[in-house]
Every structure is written in structure tokens, then in C-alpha cells.
Amino acid sequence: MRHISYTLQPMNPQEVIISQDLERDLSAAIQRVRPDRLFVLTDTTTREVCWPVVASFQCLAAAEVITIGATDEAKTLETLASVWTALGEGGATRHSMLINLGGGMVTDLGGFAASTFKRGIAYINVPTTLLAMVDASVGGKTGINFRGLKNEIGVFNAAGTVLLDTQFLRTLDSKNLRSGYAEMIKHGLISSDEHLAELLCFDLDYVDYAALLPLVGTSVNIKERIVREDPHEHGIRKALNLGHTAGHAFESLAMAEGRTVLHGYAVAWGLVCELYLSATRCGFPPERLHQVRQFVRQTYGTFDFDCHAYDRLYDLMTHDKKNTAGHINFTLLAAVGDIRINQNATREDIFEMLDYYREG
Ligand code: GLY
């Protein structure tokens, strides 16, 4: 990775463990903090599918379970307030701990609830989706959606421990697996041709979980390494935003239109858009763009919109929190692993990018 300058900054340290024994590792992580009360945040899906996996753990015997809605539409101020209320009514103090058991919505919202309750209590993430394992649960971004904008309100505050247990992936449906896989493709694009090539070869129709495990490990390492260098996203962490400026606009448009779109699908479509900008602005190789576009089309289909949506999508991109005043800020690539942060694009560039996405 080249052409980047950044300053090292501390964030609360985060331990990421690929766990072979969840009970042992969770118990050890709780013991390190010795909380006075323990709460487990689940959503309606993980309450049913994942809580039974851990419910008999001795270390969770006294835990109180809090359950919230399962989709991104539940990532609201009202849901957040309901978690604060449950913590308060359950007698949580500043010395209590929250364990987030779920996908990115649970780890983001739960992380924000823990970071703000009584000015911050300890929390652990146990991600149960691929998306949360390789991205959301690692690196300390917490938050909620607000006024139709994704993750508009939140803080940087890392979970003390993140425990990845890939047994949860076996309960994941194909769409959610693909959604997380898009963030892995992003990690491939910002790291190396070799890692990208192995990701583009992987068969998502007939998943070999044993072969997926090392790919997940590599992906988490890429993210961890970047977050360690730039926890508050002043420089190199912006690499992780590849595909997300256009992707968040697609996601927000879909949300406003009542269409259900999983985050990773929007990111995959956003990657195609932003690799097009990378090719036209930074010399990203057209054959790689074509290869990724083919993979995205086959794996994620396409996001349908017509030219009447361009202004709305442009407007959504101008609200992206990664922007500086007056500029839409993209992360682009000059080649796989050759990252160019803080790239501005004009309205014309963006309309051309949307034309390419629809017709190219
Ligand atoms: N999801 C991008 C990041 O954590 O920075």
C-alpha cells in the first residue's frame, strides 16, 4: 500500500480471537473484566438461533438477555433507548458488561449502547454473521441510523474482546453469507492480487466451510492491521471505505423506497461503481474492473434504478459522513493494493459512474 501518510493514534485495545472453544474464551474474557452484572444483547433471530448455542455456558448463568428487532430498520434511536432502558431496569452499573451476540446491527447498536450507558461500560462482541466477523464487530465503529442516513450517529469505541466462532456461519443463509463476502472482496482489493484471486475463485453456491475459515482469518487480519494503524480514520483506515460511498447511497435509496437490500450487496454494487472511477481517474486496470464486475453480477445481481434516481443518489453521497465540506470523498485504487484516499469526484463524474453501472 503506497501514497498514504497518517499519524498513529491510540484507541482502547481490542483483542480479536478466532475461537476454537467459545465457552473457554468467553469465560476468560469476562473474567478479565469481572463485571458486577452481565447482559447479552440479541436480536429476534440470534435469540432463537444463536443464544441456544451459548445459553448453557456457566459464565452466562446469571446473564440477562435483551432482545431487539432483527433488521437494519431496527437500528434506530428508539431501539437504542430500549437497550438503555433494559440495562437501567436490569440494574446495570458502570461496572457491568454487555455481550453483543449477533450480526452487524447488534454489534453496532450494542456497541453504541455500551459506549454511552453511564458514559461507557465494558462490552464484548460475539459476531454471528460473516459481515460482522470480517468487518462490523472489529475496529470500534459503533452507531445507529438517523434521519434516513446509515450509521449517522455513533462513536469509535472498540469492544474489549471480539470472539469469532465460525460455527455460527453454518446457520447463515446464502444471502447473508454473500453479504459478508462482499467486505472480504473489498479486503482483497485493498490488499493483494493473490488474496483477491483466491476470493474470486471461491464457490459461494457450494460452500466449503473448512476452506472458508482461512479466508476469514486473512480478511480479519487485513482489517485489524489497518485499524491498528489508524483507529480513528484519519488516513489509511479510509481504505476500508472502498465501495461504501456509492454503496451507502444505494442502501439509503433502497431503504427510502422500502426495498430490502443487505449491506454487503450494496457494497458489492458500490465496488463496481468505485472501481470504474478508479479506472477512469487513477488508472486501475480495466481487466480487473471487468473481472470484479462479472463476479458481482453473478453473485449479487444488479441494483435497479433509472436516471431519475441520479440526483437522489448524488444527494445521498453528499451526505456521506466521510466527506469534507463541499466534496464527495472517495477511496479509489490505482491497482489492487494501491490505495488512493481522499479522491474527489464531480457531479458529472458520478453521473458517468452511474451510467457505467447501469449500462457499461
Ligand atoms: N467498515 C469500515 C471500517 O470499519 O472502517
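Please refer to the structure higher up on the page.
Just so it is clear, the model here is predicted, and its values are computed rather than measured.

Moving on, we get to the packing of helix α7 (residues 174–191) against helix α9 (residues 209–229). Remark: α7 packs on α9, axes separated minimally by 10 Å, with the N-to-C direction vectors making an angle of 60°. Judged on the interaxial angle alone, α9 and α7 are oblique. The two elements α7 and α9 meet at a crossing, and its hand is left-handed. Residues L177, Y181, M184, H187, I190 and S191 of α7 pack against L212, L215, V216, S219, I222, K223 and I226 of α9. Considered class by class, the residues forming the contact of α7 with α9 number 9 nonpolar, 3 polar and 1 charged.

Here K118, not a glycine, exhibits a phi torsion of approximately 50°, which is positive. Within the secondary structure, K118 is located in the loop between α5 (104–116) and β5 (122–127). K118 sits in the partly exposed class, given a relative accessible area of 43%. Not every positive phi belongs to a glycine, and E233 is a case in point at roughly 60°.

What follows concerns the site of the ligand. Around the ligand, the surrounding shell consists of D135, K141, K223, E233, R237 and L240. At 3.0 Å, a side-chain N or O of D135 approaches a nitrogen atom of the ligand. In this structure, an oxygen atom belonging to the ligand sits 2.5 Å away from a side-chain N or O atom of K223. Considered class by class, the residues forming the shell around the ligand number 1 nonpolar, no polar and 5 charged.

This model, assessed by the stated rule, comprises 14 aromatic pairs. Pairing Y181 with F295 gives two aromatic rings, centres 6.3 Å apart and planes at 35°, and the pair type is tilted. You can see Y181 sitting in helix α7 and its partner F295 sitting in helix α12 (residues 286–300), a full 114 residues away along the chain. Of the two residues examined, Y181 and F295, each falls in the buried class. Here Y310 and F351 contribute two aromatic rings whose centre-to-centre distance is 5.3 Å and whose plane-to-plane angle is 80°, an arrangement assigned as edge-to-face. Within this pair, whereas Y310 is found in helix α13 (residues 310–318), its partner F351 is found in helix α14 (residues 347–359), the two being separated by 41 residues in sequence. Aromatic rings pair up to connect F250, Y265, W269, Y300, F303, F305, Y310, Y314, F351 and Y357 into one cluster. Stacked on the ring of Y265, the Lys or Arg K175 has its end atom at 5.8 Å from the ring centre.

Of all the 6 residues making up β5, 5 are buried; the element is thus mostly covered by neighbouring parts of the structure. Relative to β5, strand β4 (residues 97–102) is paired through 6 bridges, and the arrangement is parallel. If you follow M97 over to β5, its bridge partner there is A122. With α5 bridging β4 and its parallel neighbour β5, the resulting β-α-β unit is right-handed. Across 2 bridges, the pairing between β5 and strand β8 (residues 161–164) is parallel. Bridging from a neighbouring strand, N125 pairs with V162 of β8.

A cluster of nonpolar side chains, namely L77, F146 and I153, defines an oily patch on the protein surface of about 220 Å² accessible area. As for its position among the elements, L77 is in helix α4 (residues 77–89). By relative accessible area, L77 is classed as partly exposed at 40%.

With that settled, the discussion passes to the nonpolar core. In terms of nonpolar packing, the biggest core is built from 123 residues, with L26, L60, I99, Y181, L189, F250 and M317 touching the most fellow members. The leading source of residues in this core is helix α11 (residues 263–282), at 12 residues. Residue contacts for M317: discarding those within four places in its chain leaves T245, A246, A249, N323, I328, F330, I350, M353 and L354.

In total, this model carries 16 salt bridges according to the counting rule given. Here D349 and R281 are joined by a salt bridge, their closest N and O atoms 3.3 Å apart. Here R281 lies in helix α11 and D349 lies in helix α14, a separation of 68 residues in the sequence. Overall, the relative accessible area of 22% leaves D349 in the partly exposed class. The network of salt bridges with shared partners includes D72, K150 and E251.

Residue position: E183 is located in helix α7. On the basis of relative accessible area, E183 is assigned to the buried category, the value being 0%. Of the polar contacts made by the side chain of E183, one reaches the side chain of H244; its length is 3.0 Å. Setting aside anything within four residues of it in sequence, one finds E183 in contact with L131, V134, D135, H244, H263 and V267.

Glancing now at the environment of A61. By the element assignment, A61 lies in the loop between α3 (51–54) and β3 (64–68). According to the relative accessible area criterion, A61 is exposed, its value standing at 58%.

The rules behind the values
- Residues numbered from 1 in each chain as written.
- Predicted model: local features only at pLDDT ≥ 70, side-chain atom pairs only at ≥ 80, totals over all residues.
- Heavy atoms only, no water.
- Axes fitted to C-alpha atoms, helices over the stretch in contact; angles between N-to-C directions.
- Helix = DSSP H or I, 4+ residues; strand = E, 2+ residues; numbered from the N terminus.
- Parallel < 35°, antiparallel > 145°, perpendicular 65-115°, else oblique.
- Left-handed = near helix turned anticlockwise from the far one by under 90°.
- Contact = heavy atoms within 4.5 Å.
- Nonpolar A, V, L, I, M, F, W, Y, C, P; charged D, E, K, R; others polar.
- Buried < 20%, exposed > 50% of the residue type's maximum accessible area, 1.4 Å probe, protein only.
- Near = heavy atom within 4 Å.
- Polar contact = N/O pair within 3.5 Å; in protein donor to acceptor, adjacent residues only side chain to side chain.
- Phe/Tyr/Trp six-rings, centres within 6.5 Å; stacked < 30°, edge-to-face > 60°.
- Lys NZ or Arg CZ within 6 Å of the ring centre and 35° of its normal.
- Pairing = 2+ DSSP bridges.
- Right-handed = clockwise from strand over helix to strand, strands pointing away.
- Patch = residues over 30% accessible without salt bridge, like charges linked within 9 Å, V, L, I, M, F, W, Y side chains within 5 Å.
- Areas by Shrake-Rupley, 256 points an atom, 1.4 Å probe, with all protein chains shown as cover.
- Salt bridge = Lys/Arg side-chain N within 4 Å of Asp/Glu carboxyl O.
- Core = buried A, V, L, I, M, F, W, Y, C linked by side-chain atoms within 4.5 Å.

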